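Descriptive analysis of the structure
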Amino acid sequence: MKKIYGIALILSVIAGSAFAQEQAVNSKKEKVVLSIEEAVNYALEHSLTLKSNDIDLEMQKRANSTSWNVFLPTVQASGTMSRSTEMQPSALAAIIPGYPTDFEKEEDRWKAVGNIGVSWAFSPAMIANIKMAKINYETGKITLEQSQKETVLNIKKLYYGIVLQQEALKIQKTSLESARQRMNQAEANFKNGLVPEISLLQTQVNYENTKPSVESAEQALIQSIDTLAFLIGMPVGTNIELSSPIEPVYIDVETEDLLSKYAENDLNIRALKGQIEAAKFGLKALGLKTWVPALALNYSWQPVYVGEEGAFHFYKGIGKDKDWYDSGSLSLTLAWNLTDMLPWSSNQQQIKDTRAQVAKAKLGLEIMKENQKVQVRKAVDTLVQTKNQIENMNRSVQLAQKAYDMQYKSYRNGTTELLDLRDAENSLNQAKLGQLQQKMSYINAVMDLENILNVTLTK
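Throughout what follows, the structure given in this document is the object of discussion. (Residues numbered from 1 in each chain as written. Predicted model: local features only at pLDDT ≥ 70, side-chain atom pairs only at ≥ 80, totals over all residues. Heavy atoms only, no water.)

1. Focus on the nonpolar core
By size, the foremost hydrophobic cluster in this structure holds 36 residues, and its most contacted members are Tyr159, Tyr160, Leu228 and Ile246. Of all the secondary-structure elements, those providing two or more residues to this core are helix H2 (36-46), helix H5 (125-191), helix H6 (197-232), strand E4 (239-242) and helix H10 (418-453). Once residues lying within four places of it in the same chain are set aside, the contact partners of Tyr160 are Ile36, Pro245, Ile246, Met440, Ile443 and Met447. With 16 residues, the next largest nonpolar core counts Ile251, Leu259, Tyr442 and Leu453 among its residues. (Core = buried A, V, L, I, M, F, W, Y, C linked by side-chain atoms within 4.5 Å. Buried < 20%, exposed > 50% of the residue type's maximum accessible area, 1.4 Å probe, protein only. Helix = DSSP H or I, 4+ residues; strand = E, 2+ residues; numbered from the N terminus. Contact = heavy atoms within 4.5 Å.)

So this is what it looks like as structure tokens:
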């Protein structure tokens, strides 16, 4: 009976595994149609990269909202049982009537001591650190926005890149089919004695050489789709169909006008400014710590059991004032760390390093602003140049379309071979692909410009 149950269990596991594999295959076959807006929205909700950045921002937010906790006092409570090793009477005998003048038994050597201590320290540097935590949080929000925009930009560029890959693959497949038909036609002509064998071999070589490039293009397309799935947070292997065409929205912009209006919107510049501001507050905190004394308040209540019952019976003395005495204290202290004031101290070196970092960051900010001008000018020039090329490609497409229509008409009239029609179709597709490449270049330039200036230029 146990064997039967074992066999049944194995069969059920195998069946379940087969069902799971079938479900996985079916899920991959299911087509997910995505527009570019849907891909971006899905990424904002499911991207692992963005979720990681959310966690970083949450930590900075918590640090900012609880930065005031540096003003909380430190409270400690403890209880101690201590054994004396001295053979002479304790000093307590001199101040407590009836206290044993010598240790008569082991228990007399023990003492029960409680302690509650409260300490609080204040330095003006704490206020600077609180402000620094707030600046770090605000900078963290800018960093998160940067990450979101970079992720969206990468997704959009990859999306349009895949659309372009698909169109290029279609043309390659058309060329492969034309090569196959040429090979078949050459084979028939060779059998009929119309062409030499070298012509047949040339068509065969051309066909065989074309196949690997088509297969490589197909594999590259699959990999690109998998990358897109990973970026937006979908399972790798999802069958994604892209529905948005490559159609740019043309804009008319000038470099100087864009810089005057939106230069300060740049998230990289804003983030670096936040880092400089935080470093300045850090420098201020170091200065206050060095030159302004810190105030320390300490209070301790230390009850000691001195009852006749013995230290192990201290609980019998609870509520009896005569069985306890307090050896606690209260102190207020103003303290300077004089070593920190020395020019060659580690504290002064840290201050100098922080000043150097601030100066370096300011130089980096100026470099970033100049680089922004270069990038904006480059993007604007690309827009103008690419738009002109698109107009030229429009004329090329029109001419290729006209040539194809003429070949098609001749083919229907029987005056042109099918392969000539295929060649005309291939030329038309190549012209359309070139036009798509220029349109994609225009879209990328617009997206780069919008990303640099952190502004929406298209509607």
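So that's the structure; there's more coming.
2. Thoughts on helix H3 (residues 48-65)
Over its 18 residues, H3 extends 26 Å from the first C-alpha to the last, a length consistent with the 26 Å expected when each residue adds 1.5 Å. For H3, the set of buried residues is Leu50, Asn53, Leu57 and Asn64. Within H3, the buried residues cover an arc of 60° as seen down the axis, which keeps them to one side. Those residues of H3 that are exposed and aimed more than 90 degrees away from the buried face are Leu48 and Ile55. Contacts from the buried residues of H3 go to H2 and H5. (Expected span 1.5 Å × (residues − 1). Arc of directions from axis to C-beta.)

3. Observations concerning the packing of H2 against H3
Two elements in contact, H2 and H3, have axes separated by 6 Å at closest approach and are oriented at 40°. The angle between H2 and H3 places the two elements in the oblique class. In the packing of H2 onto H3, the handedness of the crossing is right-handed. Along the contact surface, H2 presents Ala43, Leu44, Glu45 and His46, while H3 presents Leu48, Leu50 and Lys51. (Axes fitted to C-alpha atoms, helices over the stretch in contact; angles between N-to-C directions. Parallel < 35°, antiparallel > 145°, perpendicular 65-115°, else oblique. Left-handed = near helix turned anticlockwise from the far one by under 90°.)

4. Concerning the packing of H3 against H5
Running from N to C, H3 and H5 point in directions that differ by 170°, and their axes come no closer than 8 Å. By the angle between their axes, H3 is roughly antiparallel relative to H5. Here Thr49, Leu50, Asn53, Asp54, Leu57, Gln60, Lys61, Ala63 and Asn64 of H3 lie close against H5, whose contacting residues are Ala133, Lys134, Asn136, Tyr137, Gly140, Lys141, Leu144, Ser147, Gln148 and Thr151.

5. Here's the deal with the packing of aromatic side chains
Considering all chains together, one arrives at four aromatic pairs under this definition. Here Phe71 and Phe122 contribute two aromatic rings whose centre-to-centre distance is 6.1 Å and whose plane-to-plane angle is 25°, an arrangement assigned as stacked. Pair noted here: Phe71 is in the loop between H3 and strand E2 (74-83) and Phe122 is in strand E3 (residues 110-122), with a separation of 51 residues, a long-range link. The structure contains a cluster of three or more aromatic residues connected by ring pairs, namely Phe71, Trp120 and Phe122. (Phe/Tyr/Trp six-rings, centres within 6.5 Å; stacked < 30°, edge-to-face > 60°.)

6. Topic: the side chain of Asn454
Looking at where Asn454 falls in the secondary structure, it is placed in the segment after H10. Polar contacts involving the side chain of Asn454 include one to the side chain of Lys149, which spans 3.3 Å. Setting aside residues up to four positions removed in sequence, Asn454 forms contacts with Glu145, Lys149, Asn265, Leu267 and Arg270. (Polar contact = N/O pair within 3.5 Å; in protein donor to acceptor, adjacent residues only side chain to side chain.)

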